[in-house]
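Examination of the molecular architecture
Listed here are the chains, written in short residue letters.
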Amino acid sequence: MLLSLLPEQAENDKLFEWIVAEYGGQMLWVAGTILSDPEDGKEAVQEALFRMFRNAHRLPVEDKKRLRAYALTAARNAAINMLPERKRREETLTLDDLPIPGEEDLFEKVTAREDYKSLLRAICLLPQRYREVLLLILVEENTVEEAAKLLHRKPGTVRQQLNRGKRRLVEICREEGMDFEK
Amino acid sequence: MKNELTPFQEALIDGVLEAYQDMPEDIPQCTPSEFQRSDIRPGWQRRLRYASIAALIVLLLALAACAIPAVRQAAIDFFFKDAGDHFAFTYDPEAAALAPRCIETVYVPTYIPEGFTLVDEMTCSAGVARYYAREGGTPICFDQYVIPENPSSGEGGGPNSEGATAEFITLGEITVLRTEDDEWINYYWTTTEYRFSVSVNDKTMEMELQKIFFSIREDPDAIPEGGWN
């Protein structure tokens, strides 16, 4: 039983109702922009809710903006997962994905910046799939495996996208002329 | 949960939401009754169309297990269905109920083909993963996971089924599900405790894949740390 997985059943029932009331319509809209059939859209949202509540303790319930980002990310990926023509082939692990010495340091410098506007501009240049992985792991503190489950991706893919996302963000910051290497 | 967010984290949240800036403001709200709070997976009824295939496989498996008693004793029966774009697995609920709920014994391949090195690994309470690659990028993936707590629910994230073939083969005394698509060959099997998979994306390496399969041994020094819950 899903309910038995949750420590505070009654609280989670209330939370479920609140999330559906607050974000269910938006989640349906997101799924509907990806899937043409409304029934499929509803099914995707149901799947997204299912996955969100498997990890209810990770839901950022104290911050509506974070919770909205979390819910819409879950809905988008559940809908993508339902596309019949979607190619689910995993991007392969390559030696190219091994961390480059010093790269992590540069990423730390990027994330330590306090210039919100330039950071947002750089992040918006990242593909959404990388933004989602970075959000779940670096903001919501999901493990790679938890993020993989919510995003319908394999843990290896999420690890790879985490590394690539970090690397790409450093590259974008460089291209944008950010001076973070001092 | 962090309450104080850094500017980077704030920007990351806003960056994710940026993708939905075209969303209309007048979206009607949903009522909770439109969705269910249960473990009945969405689309379950719709996927009944796969039930006939699954039932046939159950029958074949049962016949195979009767013919090979050792298999019956050595593994938890599992069944698979084509969930459209991936293979989903279900497990014999009685046997699965006796399986460990977390990784207690870690297994790893003791043979890896020459030229391959370990590029990524995980050993936690929920699973064990070892990824190997060689120059040029050809990966080998080994995974060990616990049997799902609800063995009757199909798990997502199985091997790709689009354009793939699937067949049961016998390696030693173990019945193995072999799937193959354009790029990957996957072996999937269970013991009385865990479920395993090993995959390679080089079609010329199936013999090596079998060597890896037969080399899997307990790693007494490996200690699962943490989990995903």
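Residues numbered from 1 in each chain as written. Chains lettered and ligands numbered in written order. Predicted model: local features only at pLDDT ≥ 70, side-chain atom pairs only at ≥ 80, totals over all residues. Heavy atoms only, no water.

As for the overall build of chain A
Helix and strand content of chain A: 9 helices and 0 strands. Out of the 182 residues belonging to chain A, those deemed buried represent 58%. Within chain A, contacts between residues at least 6 apart in sequence are counted, and of these 71% link residues at least 24 apart. When the accessible surface of chain A is summed, it comes to about 7,800 Å², and 51% of that surface belongs to carbon and sulfur atoms. (Helix = DSSP H or I, 4+ residues; strand = E, 2+ residues; numbered from the N terminus. Buried < 20%, exposed > 50% of the residue type's maximum accessible area, 1.4 Å probe, protein only. Contact = heavy atoms within 4.5 Å. Areas by Shrake-Rupley, 256 points an atom, 1.4 Å probe, with all protein chains shown as cover.)

Notes on the pairing of strand E8 (residues 174-180) of chain B
All names here are of chain B. Counted residue by residue, E8 has 6 buried out of 7 residues, so it is predominantly covered. In this sheet, E8 lies alongside strand E7 (residues 165-171) in antiparallel orientation, the contact comprising 7 bridges. Paired with phenylalanine 168 across the bridge in E8 is leucine 177. In this antiparallel pair of consecutive strands, E7 and E8, the connection spans 2 residues, and glycine 172 shows a positive phi of 65°. As judged from the 4 bridges shared by E8 and strand E9 (residues 185-190), these two strands associate in the antiparallel manner. Its bridge partner lying in E9, arginine 178 is registered against tyrosine 187. (Pairing = 2+ DSSP bridges.)

Observations concerning the pattern of salt bridges
If you walk through the whole model with that rule in mind, you get 21 salt bridges over all chains. Notably, a salt bridge pairs A:Arg113 with A:Asp115, separated by 3.6 Å at the nearest N-O pair. Overall, A:Asp115 belongs to the partly exposed group, its relative accessible area being 34%. For the salt bridge of A:Arg159 with B:Asp120, the shortest nitrogen-to-oxygen distance reads 3.5 Å. Taken together, the residues span two chains, with A:Arg159 in helix H9 (residues 155-175) and B:Asp120 in strand E4 (residues 117-123). Summarising the burial analysis for this pair, A:Arg159 and B:Asp120 share the class buried. Connected via shared salt-bridge partners are B:Glu167, B:Arg178, B:Glu180, B:Lys203 and B:Glu206. (Salt bridge = Lys/Arg side-chain N within 4 Å of Asp/Glu carboxyl O.)

Digging into the nonpolar core
Buried together is how nonpolar side chains tend to be arranged in soluble globular proteins. Counting residues in each nonpolar core, the largest one holds 67 residues, and the members touching the most others are A:Ile19, A:Met27, A:Leu49, A:Met52, A:Phe53, A:Leu59 and A:Leu169. Ranked by residues supplied to this core, first place goes to helix H4 (residues 64-82) of chain A with 10 residues. The next biggest cluster of nonpolar side chains, apart from the first, holds 26 residues, and it includes B:Phe116, B:Ile169, B:Ile174 and B:Ile185. (Core = buried A, V, L, I, M, F, W, Y, C linked by side-chain atoms within 4.5 Å.)

Observations regarding the packing of helix H7 (residues 128-139) of chain A against helix H8 (residues 144-151) of chain A
For any two helices packed against each other, one specifies the crossing angle of their axes together with the interaxial distance. All names here are of chain A. One way to put it is that H7 packs onto H8 with a least axis distance of 9 Å and a crossing angle of 135°. In terms of orientation, H7 lies oblique with respect to H8. With respect to the hand of their crossing, H7 and H8 are arranged in right-handed fashion. Note on element contacts: H8 touches H7 through Val144, Ala147, Leu150 and Leu151, opposite Glu132, Val133, Leu136 and Ile137. When the residues that make up the contact of H7 with H8 are grouped by side-chain class, the tally is 7 nonpolar, no polar and 1 charged. (Axes fitted to C-alpha atoms, helices over the stretch in contact; angles between N-to-C directions. Parallel < 35°, antiparallel > 145°, perpendicular 65-115°, else oblique. Left-handed = near helix turned anticlockwise from the far one by under 90°. Nonpolar A, V, L, I, M, F, W, Y, C, P; charged D, E, K, R; others polar.)

Some points on the state of the cysteines
In the structure shown here, the tally under the stated rule is 0 disulfides over all chains. Left unpaired, B:Cys102 is separated from the closest cysteine sulfur, that of B:Cys124, by 10.0 Å. (Disulfide = S-S within 2.5 Å.)

Description of helix H1 (residues 7-18) of chain B
All names here are of chain B. With 12 residues, H1 extends 16 Å between its outermost C-alpha atoms, agreeing within 8% with the 16 Å of an ideal straight helix rising 1.5 Å per residue. In terms of burial, H1 is largely enclosed, as 9 of its 12 residues are buried. Residues of H1 that are buried: Phe8, Gln9, Ala11, Leu12, Ile13, Asp14, Gly15, Val16 and Leu17. (Expected span 1.5 Å × (residues − 1).)

Overview of the packing of aromatic side chains
Geometrically, a pair of aromatic rings is defined through the distance of the ring centres and the angle of the planes. Taken as a whole and judged by the stated rule, the model has 11 aromatic pairs over all chains. With 5.9 Å between their ring centres and 90° between their planes, A:Trp18 and A:Tyr23 make a pair best called edge-to-face. Judged by its relative accessible area of 32%, A:Trp18 falls in the partly exposed class. Each ring, one from B:Phe213 and one from B:Phe214, has its centre 5.1 Å from the other, and the planes form 85°; the classification is edge-to-face. Here B:Phe214 falls in the partly exposed class, since its relative accessible area comes to 42%. An aromatic cluster of at least three residues, connected via ring pairs, comprises B:Tyr107, B:Phe142, B:Tyr187, B:Trp189, B:Tyr194, B:Phe196, B:Phe213 and B:Phe214. A cation over a ring is seen here: A:Lys42 above B:Phe35, with NZ or CZ 6.0 Å from the ring centre. The side chain of A:Arg129 reaches across the aromatic face of A:Tyr130, ending 4.8 Å from its centre. (Phe/Tyr/Trp six-rings, centres within 6.5 Å; stacked < 30°, edge-to-face > 60°. Lys NZ or Arg CZ within 6 Å of the ring centre and 35° of its normal.)

A look at the environment of B:Phe8
On the secondary structure map, B:Phe8 appears in helix H1. Residues contacting B:Phe8, with those up to four places away along its chain left out, are A:Phe107, A:Thr111, A:Leu119, A:Ile123, A:Leu138 and A:Leu169.

Thoughts on the sheet that holds E7(B)
Residues and elements named next belong to chain B. Pairing within the open sheet is antiparallel, and its 7 strands lie in the order E4-E5-E6-E10-E9-E8-E7. Strand pairing shows two members of the sheet lacking a second neighbour, E4 and E7, which therefore form its edges. Across the sheet, the mean angle from the axis of one strand to that of its neighbour is 15°, orientation sign disregarded. Sheet topology places strand E5 (residues 127-133) next to strand E6 (residues 139-146); 7 bridges connect them, and they run antiparallel. By the bridge assignment, glycine 127 is partnered in E6 with tyrosine 145.

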